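Spelled out, the chains give:
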Amino acid sequence: MNVLYIHFHGGIAEEVYAHLLSLLAEYTPVVQALPPDAALADVGGSLRYFGVDAVALAERIRARTGGLYGIRSTAGVAANPMLARMVAADGPPSAVRVLPDDLDAVAAFLARKPVAALHGVGPKTARTLCSYGLDSVARIADAPLGTLQRILGATAGRRLHNAARGIDPTPVTPAAPARSLTAEHRFGHDELDRDRRRAALLALTDRLGLQLRTEKQVTRALTLTVRYADRSMTTRTRKVAEPTAHTQALTALAYDLHDRLGLQRARVRAMTLRAEELIAAELATRQLTFDSSDERARRIEAAADRARARFGPDAVHPAGAAATGAA
C-alpha cells in the first residue's frame, strides 16, 4: 500500500500545478505527473524517513495543498496505480481513501464495480463486453482468459484479465509534465450531436495549430478529454505520426480520438484538447510527400496565418468550426 493517486480539484493553472508537483517531491522523488490536475507518487521508500504510514502521508499532503494553495484534493492509497486511481474515485471528493493490500479486500472492492470503472476501458470497449454479458468486474474476473482474448485481442484481453484481479504491473515512473498547450470548448447545454462536437474539435485544433506555428513549436501527441453531464470524464492520448503543427493533421487525429470513444448517446458538457510533448519546430523532421493536396493545404494555412498576424486571430476561421470558450 505504497502508491498514492492525488487528484487536485478545481481549475489548476500550469504554474500552480508545477508547485503542487514540487510539494509532492518533498515527500518522495518518485512522482509521476498526470496533467492537468493529478499525479501518482510511490512513497514506499519514504515511510521510514517520515515515520508514518502511506495513509498518514497522504493526509499530510492534502493538508499542505489546502493550506498553501487553497486547493482541495482527493487521495487514493493502494498497492498499484490502477487500484489507487479507482479507490480515489470511489466516493465524494476531498478525502483519503484506502484499499488494503489484501487479496480478499481487493476482490470485494472490484467485484461491485461496473466494467467501465477499470482504468483504460472506454465506452466502446465497455459496450462490447456488455454485449457478451461481461458487464461487471466480477464477471470479467470469472471469465476464462481465452474468452477475453477472443473478444478483445491477445494483449488487451490479458491486460483486462489481470486488471479484473487487481493486477497492474505498471510502475510509477518519475516524470515532470512536458510543456503543453491546451484549448477547451464548453457547450452551452449537454451536447448529444456528433456533428456539433466535431465542429468544436475543428475550432480547437485550429486554435492549437495557430498557436504552435506562432511559437514555432510542434507537438508529438494529442490528448482529448471529454467531460460528461454527470461530471465523469474520459481521456485518450495518441501519438502523431510525425511531430506537427499542421491544423489538418491535428484535426484528423482529434476526430479519430473522438469517434473511437463511441459517444452516440453521451451527454457531453465540455471537451479539452491538449498538444503535448512540444519541441522546437526546427528540431522536427518531416516526411517528404508527393501529395499535392497536402502542399496546397499548407500554403493556404500559411496565408491564413499571415492574415491573422496582420488583422487579428479572428480574421480567418475554418468553415464549420464552432465558437470556442476560454481555455
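Everything numeric in this text was worked out from a predicted model, so none of it was measured.

Asks: What is the right way to read the overall build of the protein chain from this model?
Replies: Each helix and strand counted, the protein chain has twelve helices and ten strands in total. Computed over its C-alpha atoms, the radius of gyration of the protein chain comes to 22 Å, within 12% of the 20 Å expected for a compact globule of 327 residues. Here the C-alpha coordinates of the protein chain stretch approximately 60 × 50 × 40 Å along the principal axes. Every one of the 327 residues in the protein chain was classed for burial, and the buried ones make up 43%. Taking the contacts inside the protein chain whose residues are at least 6 apart along the sequence as the reference set, 67% of them involve residues at least 24 apart. Looking at the protein chain as shown, the accessible area adds up to about 17,000 Å², and 53% of this sits on carbon and sulfur atoms. Distance from the positive charge centre (43 side chains) to the negative charge centre (34 side chains) of the protein chain: 3 Å.

Asks: I would appreciate a short explanation of the packing of aromatic side chains in the present structure.
Replies: Where two aromatic rings form a pair, the distance of their centres and the angle of their planes describe that pair. Evaluation of the coordinates by the stated rule reveals two aromatic pairs. Relative to Phe50, the ring of Tyr27 has its centre 5.2 Å away and its plane inclined at 35°; by these criteria the two rings are tilted. With Tyr27 in the loop between helix H1 (14-25) and strand E2 (31-34) and Phe50 in helix H2 (residues 47-50), the pair connects residues that are 23 residues apart, well separated along the chain. Judged by its relative accessible area of 22%, Phe50 is partly exposed.

Asks: What exactly am I supposed to notice about the pattern of salt bridges here?
Replies: Where charged atoms from two side chains of opposite charge approach closely, those side chains can pair. Per the stated rule, a full pass over the model turns up 18 salt bridges. Arg64 is paired through a salt bridge with Glu26; the nearest N and O atoms lie 2.7 Å apart. Here Arg64 is found in helix H3 (residues 54-69), whereas its partner Glu26 is found in the loop between H1 and E2, with 38 residues between them in sequence. For Arg64, a relative accessible area of 28% translates into the label partly exposed. Overall, Glu26 belongs to the partly exposed group, its relative accessible area being 47%. Arg267 serves as the salt-bridge partner of Asp190, at 2.8 Å between the closest nitrogen and oxygen.

Asks: Explanation requested: the sheet that holds strand E1 (residues 3-8) in the structure shown.
Replies: Within a sheet, adjacent strands bond to each other through the backbone by hydrogen bonds, running parallel or antiparallel. Across the sheet, which stays open at both edges, the five strands sit in the order E2-E3-E1-E4-E5 with mixed pairing between neighbours. In this open sheet, the two strands that pair with only one neighbour each are E2 and strand E5 (96-98). The sheet shows a mean angle of 15° between the axes of neighbouring strands, direction not considered. Two elements, E1 and strand E3 (residues 38-42), share five bridges in a ladder whose sense is antiparallel. Along E3, the bridge assignment pairs Tyr5 with Leu40. Here H1 sits on the sheet and contacts E1, E2 and E3; the angle it forms with E2, its principal contact strand, is near 160°. The sheet contacts of H3 involve E1, strand E4 (73-78) and E5, and relative to E4 the element is tilted by about 165°.

Reading guide: rules and limits
- Residues numbered from 1 in each chain as written.
- Predicted model: local features only at pLDDT ≥ 70, side-chain atom pairs only at ≥ 80, totals over all residues.
- Heavy atoms only, no water.
- Helix = DSSP H or I, 4+ residues; strand = E, 2+ residues; numbered from the N terminus.
- Rg over C-alpha atoms; globule rule 2.2 N^0.38 Å.
- Buried < 20%, exposed > 50% of the residue type's maximum accessible area, 1.4 Å probe, protein only.
- Contact = heavy atoms within 4.5 Å.
- Areas by Shrake-Rupley, 256 points an atom, 1.4 Å probe, with all protein chains shown as cover.
- Lys, Arg positive; Asp, Glu negative; His and termini not counted.
- Charge placed at Lys NZ, Arg CZ, Asp CG, Glu CD.
- Phe/Tyr/Trp six-rings, centres within 6.5 Å; stacked < 30°, edge-to-face > 60°.
- Salt bridge = Lys/Arg side-chain N within 4 Å of Asp/Glu carboxyl O.
- Pairing = 2+ DSSP bridges.
- Axes fitted to C-alpha atoms, helices over the stretch in contact; angles between N-to-C directions.

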